[in-house]
Amino acid sequence: MSSIVSVSDVTKVFKTKDGDFEALKGINLEVEEGDIYGIIGMSGAGKSTLVRCFNFLERPTSGRVIVEGKDLAELTEKELREQRSRIGMIFQNFNLLMQKNVLDNVCFPLTTRGVKKSEAKKRAKELLDMVGLSDKEKSYPTMLSGGQKQRVAIARALATNPRILLCDEATSALDPQTTASILALLKKINQELGITIIVITHQMNVVREICNRVGIIEEGELVENGTVEQVFTHPKSRAARKLIIGGRNELDSEWSTGVISELHEEKKIRIVFSENSSYEPVISNMIMTIGCPVNILRADTKSVNGKAKGEMILGLPQEKDAQNSIIEYLKDHNLDVEEVTGDVE
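Residues numbered from 1 in each chain as written. Predicted model: local features only at pLDDT ≥ 70, side-chain atom pairs only at ≥ 80, totals over all residues. Heavy atoms only, no water.

Draft legend 1. Structural detail: the packing of helix 10 (residues 282–290) against helix 11 (residues 320–332). Between helix 10 and helix 11, whose axes approach to 11 Å, the crossing angle comes to 135°. The angle between helix 10 and helix 11 falls in the class oblique. Where helix 10 crosses over helix 11, the handedness of that crossing is right-handed. In this structure, helix 10 contributes Val282, Ile283, Asn285, Met286, Thr289 and Ile290 to the contact, and helix 11 contributes Ser325, Ile326, Tyr329 and Leu330. In terms of residue class, the contact of helix 10 with helix 11 is built from seven nonpolar, three polar and no charged. (Axes fitted to C-alpha atoms, helices over the stretch in contact; angles between N-to-C directions. Helix = DSSP H or I, 4+ residues; strand = E, 2+ residues; numbered from the N terminus. Parallel < 35°, antiparallel > 145°, perpendicular 65-115°, else oblique. Left-handed = near helix turned anticlockwise from the far one by under 90°. Contact = heavy atoms within 4.5 Å. Nonpolar A, V, L, I, M, F, W, Y, C, P; charged D, E, K, R; others polar.)

Here's what the structure looks like:
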């Protein structure tokens, strides 16, 4: 697959009364056509600034942004407006026009581009049917639930036949059940329309549910980048370990229970379960086979792109031979094993 978005050495500096603030620091990433690419980080990490650079709503201070083979910095204002029409956006607060009904909200980006009203309405009706709101076309935004408002916003974003859909915290204001339905809709749009989707979020469960690749941003830097499975299985950066293992100030509140601030065992390991081994009693079998107990400090199983992926943090006995036997047993049973040092963060 070819890259539909390519970001090279992008920096963004804002002038403030307290001096220059560097929001982005030399970002490099590639989004391939057909990806659902997640960009995740804490509030203030720079992820929303980065996504606004993808359509030059924010112009980078330096670096290049190439979208569909075009360097955005080299486009005229007219060419840039045309390119932006190929990049849809949806937001946390929906940004609907409150004085217009649902049908007119979806028509709006078409009529402003000179599309005949009859053609715009036909297209809008098709999109409302796709998002499951064909019976709400005469309703006004105040009459809709949060999930319905976001579906209208998605239909409106699709009106101009974009090749890329930017989702900036699009599910943050929604309850878990509604979030799941919106994520399922986005996955359907990606699969059926072939639209590349870039998801900006602070919620790891969103990334696990629909993204195939993920970039993690911390303090304006891209600290980790890869497939969701790779990052989940082998988190390399401190920010990724916070997301996956959990700990103080974690990004995803679902990890907030049972946080272990300090683990006193001499050696701690993290094991990652595959789709199949998540359902096997590997630890109990190991204890019976080796005859040596371990302390289970944390255990969890999640769905990653529809596959069961689990992790467990174990405190091992102090005897080196027992430690080696445990690690060897786990590896022989096709589990990924890595050492955890210091506090679990």
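Draft legend 2. Inspection of helix 6 (residues 176–193) at higher detail. With 18 residues, helix 6 extends 25 Å from end C-alpha to end C-alpha; this agrees with the ideal 26 Å at 1.5 Å per step. Residues of helix 6 that are buried include every one of Thr178, Thr179, Ile182, Leu183, Leu185, Leu186, Ile189 and Asn190, and no others. All buried residues of helix 6 project into a common sector of 155° when viewed along the axis, lining one side. Set apart from the buried face of helix 6 by more than 90 degrees, the exposed residues are Pro176, Gln177, Gln191 and Glu192. The distance from a side-chain oxygen at the start of helix 6 to the backbone nitrogen of Gln177 is 3.1 Å, and the residue carrying that oxygen is Asp175. After helix 6 finishes, the residue Gly194 shows a positive phi value of roughly 70°. (Expected span 1.5 Å × (residues − 1). Buried < 20%, exposed > 50% of the residue type's maximum accessible area, 1.4 Å probe, protein only. Arc of directions from axis to C-beta. Polar contact = N/O pair within 3.5 Å; in protein donor to acceptor, adjacent residues only side chain to side chain.)

Draft legend 3. A look at the side chain of Asn105. Structurally, the position occupied by Asn105 is in helix 3 (residues 102–111). In terms of polar contacts, Asn105 uses its side chain to reach the backbone carbonyl oxygen of Lys100, at 3.0 Å. With near-sequence residues (within four places) excluded, Asn105 lies in contact with Leu96, Leu97, Lys100, Pro141, Val152 and Arg156.

Draft legend 4. View of the sheet that holds strand 1 (residues 3–16). With respect to topology, four strands assemble into an open sheet ordered 2-1-4-5, the strand pairing being antiparallel. The strands lining the two open edges of the sheet, one partner per strand, are strand 2 (19–32) and strand 5 (70–71). Bridge analysis of strand 1 against strand 4 (residues 62–67) gives five bridges, and the strand direction is antiparallel. Note on strand 4: the bridge partner recorded for Ser6 is Ile66. (Pairing = 2+ DSSP bridges.)

Draft legend 5. Focus on the environment of Val67. With respect to the element layout, Val67 can be found in strand 4. In the structure, Val67 is positioned 13 residues away from Phe54 in sequence and 7.5 Å away in space, judged by C-alpha atoms. The residues contacting Val67, other than those within four sequence positions of it, are Ile4, Val5, Phe54, Leu72, Gln83, Ile87 and Ile164.

Draft legend 6. Representation of the packing of aromatic side chains in the model. Overall, the coordinates contain zero aromatic pairs when judged by the stated rule. Over the face of the ring belonging to Phe14 we find Lys12, whose NZ or CZ atom lies 5.2 Å from the ring centre. (Phe/Tyr/Trp six-rings, centres within 6.5 Å; stacked < 30°, edge-to-face > 60°. Lys NZ or Arg CZ within 6 Å of the ring centre and 35° of its normal.)

Draft legend 7. The pairing of strand 1, seen in detail. Direction of pairing for strand 1 relative to strand 2: antiparallel, over a ladder of ten bridges. Within the sheet, the bridge partner assigned to Ser6 lies in strand 2 and is Glu30. In textbook terms, the turn of a hairpin is the stretch between consecutive antiparallel strands, and for strand 1 and strand 2 this stretch comprises two residues.

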